[in-house]
Amino acid sequence: MNDESTQQVYADATKAKGDAIIELEGVDKFFGDFQALKDINMAVGRQEVVVVIGPSGSGKSTLIRCINHLETHERGRIVVDGIELSEDIRNIQEVRRETGMVFQSFNLFPHLTVLDNVTLAPRQVRNMAKADAEELAMKQLTRVKIPEQARKYPGQLSGGQQQRVAIARALAMQPKVMLFDEPTSALDPEMIKEVLDVMVELAEGGMTMIVVTHEMSFARAVANRVVFMADGEIVEVGTPEHFFTNPEEDRTKLFLSQIL
Amino acid sequence: MTTPPSPLSTRVPLWRDVRVLRVVGQVLAVAVAFLVLRWLLGNLTSNLDRLNLGLDFGFLSRPTQFQVPYHSTFNPRAPVADMVLVGIKNTFLAGFSGIVIALTVGLMVGVSRLSQNWLVARLATVFVEFFRNIPPLVIIIFFAAAVFTFGPFPNLREAILVSAPGSSSNLVILSNDQWGIPGFAGGSPLFTGLIGLGLILAAAGWLWRTRLNERTGRPHHRLAWFLGILIASVIISYLALGRPVSMSWPAQSENRRLIVGGFALNWGFMSVTAGLGLYTASHVAEIIRGSILAVPKGQNEASTALALSGFQRYRFVVLPQALRIAIPPIINQCLNLVKNTSLGTAVAYAEIAALTQTSIGNGRPALQSLIVMMAVYLMFSLSISLLLNLVNQRFQLVTR
Amino acid sequence: MTATTTPPLVKRLTGIGWVRSNLFPNVWSSILTILLLPVLLYSGYRAGLFLLVNAEWEAVERNLTLFMQGTFPRDQQWRLVAQLPLFALALGAGLGTASSSAQDRAIEAGLPHERTSPIGIVRRFWSVIGFVLVLLYFASTANPWFVVLGSVLAFLLGFQIRGLPARFRLYGWSLMSLLLVAGFQVVSGTTGRAWLVTAIVVGIGAWTLTGSERIVPGWRTWALKTGAVIVTSVLVFLLYSVITDPGVGWDKWSGLHLTLWVSALAIILSFPFGLIMALARRSGLPALRLLATTYIELIRGVPLIALLFMGQYVALFFLPAGSSLSSISRAIAVFTLFTAAYVAEIVRGGLQSLPPGQTEAGQALGLTPPSVIRLIVLPQALRAVIPAMVGQFISLFKDTSLLSILAIFEFFNVRSLVHGQPDFRVVAHAETLVFVAVGYWAVAFAMSRESQRLEGRLRVGAA
């Protein structure tokens, strides 16, 4: 990976949107003998939207799962909002409070209503009173445009609705960073738009977002930077325009030719 | 940014370190378990000392000093270890026979439950719902009482003798505590070894025909070949060794108190086998019905679309998939059956649990006898579990 | 010109049509029917002849009390008479609370929901109701009729809790638990450690009920909750110091009464133990996994009789010298330890069936591992294994018959008492056997039907 390029882009990010809220330095991650992440160096600035793309098996999901410690990195430093991710339980919990994650398979809790899904974490983790939590939850559900489904169970909703509930659930914790792990990959085509619209609104509202996705339309619309990963390493980083019109590396060109 | 990755820049306090907590958690659990065990064993040793008892297994080499019912060849002066072997043998016999009954009856009833014939399906359902919901002990006692104790058969002295027409030896002897059936007399280790060899040859023949079929497509007829080789090897060894085995017909002994010759089946064995066989059959039937229903409906449709007949559909598509699903729980039921043979204590069948109870009653050390008994059952359980694992691995549907 | 339309031919199979397609669809089937039908009719005839005409039910009639309550002291029988309606009340309250909260949630979510009707309950539990009627038929006095009637009324009364507004319903569960404990202690007495059991139940109730939703959880709420628990425990202790009723301890219980109680106690006591074992076996800590696996595999590898023998012959060796445990206490302990291993395996299956994304979502939200288990994993896993748990309870109920081998007079072994009487030494063995078998069958059949029904509902219901 081109060190100067990262430095330059990082410098751009720092200049453009404020200081870094997430820093990854020399991060390595192994699954047994297989190395999933190789010397990852990346920084994300506040209110920045970073889209991570790459072929399957490239480590992009592993990358963002390391950021909220769903996977543990073996080497390197990960710092989120000034808190370093280590074996310290308190740090891990704090980082998870400040980050929200939206999963490919939604992972809503089927035994709770939509409203209970959204109020669970604020009440248990931030110790909010039930009434306050429900008020906050309804605000988030309105933000994702499905307040009327509050009393239903996840099983009664469509895929697009469920994913929007999942976004509301993450937002209810008022995180500083939102992590998206292929949020639309499990959706039927007609429902992808409603979820992407919500994500675009979030980005325009100034949320710091790291999104792993295949939806290039989203990247072109709101991404500040696009990161291309392959075989566990960051191959190329650039603005969307640079990326889609003038990719530098061969691997990038190959990948783009397959999906565009 | 390009500095080499550094180890943690801040020291993590021990009481919040995830790794430390994991270790501490385990150490605590082990410590608690250790303390509990130490307390139990401490009490044990002090109580044993107080009562002047030992924890040795020497009792295994001392004479049994009681007669094992229906085992006229068992010498009460034989060491306890021999008695244990008798118990193991009887547990195995009852378990094996019970499993054979359970699998045959269970398969028939299970398939019958899905029959088109309303009467057959209903009767099968009644069978399953009846035997499943009654304690196996009650079923065993029922057999014992209805067929033997209060049944239609007379005392052994006036037993019913059923002989083949035209011969003087008995085919079957029926009384209210023993039945005699024909058996084999003679036989030598060489003969048994040759039969074993025949089995191996037959298995090799099976594999050979399967490979042949895969290579050339010719019908394998492997079952016919298997049986043919087996039967041929039995006949050849039988003739070559000069008829080492002969039929042994059951007869009443001189004092008409025993059955000599043939196989003598005592009432305990028959009650346990029949009772457990039918009880487990009801569970097996349920499993088989469930597994056939679990095969996706689309399989039936695809088979019909391929012009397979009903029988072919069952044989090649439905049953193979159903059996894959059914085999693990069925093996589990077989394990339960072997464990349930311990109910032989209620009908004086000399399997290991009954013999243990008798020997404790006769003054053998209780703890050691029970340890031996549990070891026997653990041995059976482990073997069957290993078999289960082997079967699971072999039969797993290959998925991506 | 309009075409005349004739209504479609509705081919409903009745009479001859039904017989033809269901009994004689093809050659093989017809042969089977022809063979089986006479056999069936003849057996039915003989069975009916035996049951209704020839059998001497006197052995059962004269010893009905023995079968039901064994050798329970006759002058204390009022305790059993009081226990039954208390349980019926508890059952009604529990069922009412459960069905009404389920109904409310379904209504809010806009899901279809069926009301639990008395007719439905009678239809589902026909075997138990039938058996109770048989018992009443055999009863020689009018007392059992009053007891049964009283219990039915108590059940209906408890069921009325359904009508109460939602905020009272939390008290429904507490009420049910208290009634169950009261029913137990009305027989076993209030001396000894009885107060502790009540204190625990009341304490759990006090803990969950104090601290309203308006108060923000914090150290103040914890203090309030702890205070409530302490206060209620002290009150219970004082109450039990005043009411000293020696009661009839479970050492003296026998008959169907003992059978039902051993099953109920074993399943209740084994549940927390089994739950912990299941979590330990699935935890990431190897030491815990090893301990749990060893326990579970050891217990599951040996028959229940072996463990009962251990309890009977050697349990006392492992306790300090001079301690004594009645044979029934030891039996209950063995059943609990035995069932715990099987419950652990059942719960482990439930835990394994949960998609790993559920725990990840909980962790990503910042929930602590205990909270993830409590709020996300367990509610789903336990709901998924309810049918298997009911199956285990049925097995346990049937396995209590093994106590007969230890010469404990549970329901099955009362027969030996009956046939020890001079009048019934050699007669009526079949009758008592049939009676006992029907008793077991009635309860086990009803429970297995319920479990099948629950399984169907859980699969089809909303998430």
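Rules used throughout
Residues numbered from 1 in each chain as written. Chains lettered and ligands numbered in written order. Predicted model: local features only at pLDDT ≥ 70, side-chain atom pairs only at ≥ 80, totals over all residues. Heavy atoms only, no water. Salt bridge = Lys/Arg side-chain N within 4 Å of Asp/Glu carboxyl O. Helix = DSSP H or I, 4+ residues; strand = E, 2+ residues; numbered from the N terminus. Domains from an automatic or database assignment. Contact = heavy atoms within 4.5 Å. Buried area = accessible area lost by both parts, 1.4 Å probe. Polar contact = N/O pair within 3.5 Å; in protein donor to acceptor, adjacent residues only side chain to side chain. Nonpolar A, V, L, I, M, F, W, Y, C, P; charged D, E, K, R; others polar. 1 Å grid on protein atoms, 1.4 Å probe; cavity = no way out; pocket = protein on both sides within 12 Å on 5 of 7 lines; lining within 4 Å. Points joined across faces, edges and corners; volume = space filled by probe spheres on them. pLDDT = per-residue confidence, 0-100. Axes fitted to C-alpha atoms, helices over the stretch in contact; angles between N-to-C directions. Parallel < 35°, antiparallel > 145°, perpendicular 65-115°, else oblique. Left-handed = near helix turned anticlockwise from the far one by under 90°.

A. Spotlight on the pattern of salt bridges. Residues and elements named next belong to chain A. One pass over the full model with this rule turns up 27 salt bridges over all chains. Residue Lys 145 pairs with Glu 201 through a salt bridge whose shortest N-O separation is 2.8 Å. Of this pair, Lys 145 sits in the loop between α5 (130–143) and α6 (159–171) while Glu 201 is found in helix α7 (residues 189–204), placing the two residues 56 residues apart along the sequence. A single salt-bridge network, built from bridges that share partners, covers Arg 46, Asp 81, Glu 98 and Lys 176.

B. Layout of the domain arrangement of chain B. Taken domain by domain, chain B consists of domain 1 (80–152 + 266–395) and domain 2 (186–245). The straight-line distance from the C-alpha centre of domain 1 of chain B to that of domain 2 of chain B is 29 Å.

C. The interface of chain C and chain B, seen in detail. With 55 residues of chain C at the interface, the matching set in chain B holds 48 residues. For the pair chain C and chain B, the two sides together bury roughly 4,600 Å², of which 74% comes from carbon and sulfur. Contact with chain B buries area across many residues of chain C, yet C:Phe317, C:Phe318 and C:Lys398 alone supply 15% of it, more than any other trio. Where chain C meets chain B, there are 12 residue pairs in polar contact (both at pLDDT 80 or more). Mapped by element, the contributors of at least two residues to the side of chain C that touches chain B are α1 (16–23), α2 (27–54), α13 (286–301), α14 (304–314) and α20 (429–460) of chain C. Residue contributions to the side of chain C that touches chain B peak at 10 residues, all from α20(C). Classifying every residue of the side of chain C that touches chain B gives 39 nonpolar, 11 polar and 5 charged.

D. Structural view of empty space enclosed by the protein. Counting across every chain of the model gives 2 cavities of 30 Å³ or more. For the largest cavity, the full set of lining residues is C:Leu308, C:Gly311, C:Gln312, C:Ser327, C:Arg330, C:Ala331, C:Val334, C:Leu406 and C:Ile408. If you list the elements that add at least two residues to the lining of the largest cavity, you get α14 and α15 (327–353) of chain C. Tallying contributions element by element places α15(C) first for the lining of the largest cavity, with 4 residues. The residue makeup of the lining of the largest cavity, split by class, is 5 nonpolar, 3 polar and 1 charged. Considering only enclosed or pocket space, the second largest cavity measures out at about 50 Å³ in volume. Residue lining of the second largest cavity: B:Phe59, B:Val80, B:Met83, B:Val84, B:Ile352, B:Thr356, B:Ser359, B:Ser369, B:Val372 and B:Met373, and that is the complete set. Sorting the residues of the lining of the second largest cavity by element identifies α2 (80–112), α10 (352–361) and α11 (366–395) of chain B as the ones contributing at least two each. Here the residues of the lining of the second largest cavity are counted per class, giving 7 nonpolar, 3 polar and no charged.

E. The confidence of the model for chain B, seen in detail. Confidence along chain B averages 84 in pLDDT terms, with 95% of residues attaining 70 or more. With pLDDT under 50 throughout, residues 1–9 of chain B is counted as low confidence; its partners more than four residues away or in other chains account for 15 contacts.

F. Expanded view of the packing of α2(B) against helix α3 (residues 118–132) of chain B. Residue and element names in this part refer to chain B. Relative orientation of the contacting elements α2 and α3 amounts to 130 degrees, with a least axis distance of 8 Å. Taken together, the axes of α2 and α3 are oblique relative to one another. Crossing of α2 against α3: the hand is left-handed. Counted together, Val 105, Val 109 and Ser 112 of α2 and Val 120, Ala 121, Ala 124, Phe 127 and Val 128 of α3 form the full contact between these two elements. When grouped by side-chain class, the residues that make up the contact of α2 with α3 number 7 nonpolar, 1 polar and no charged.

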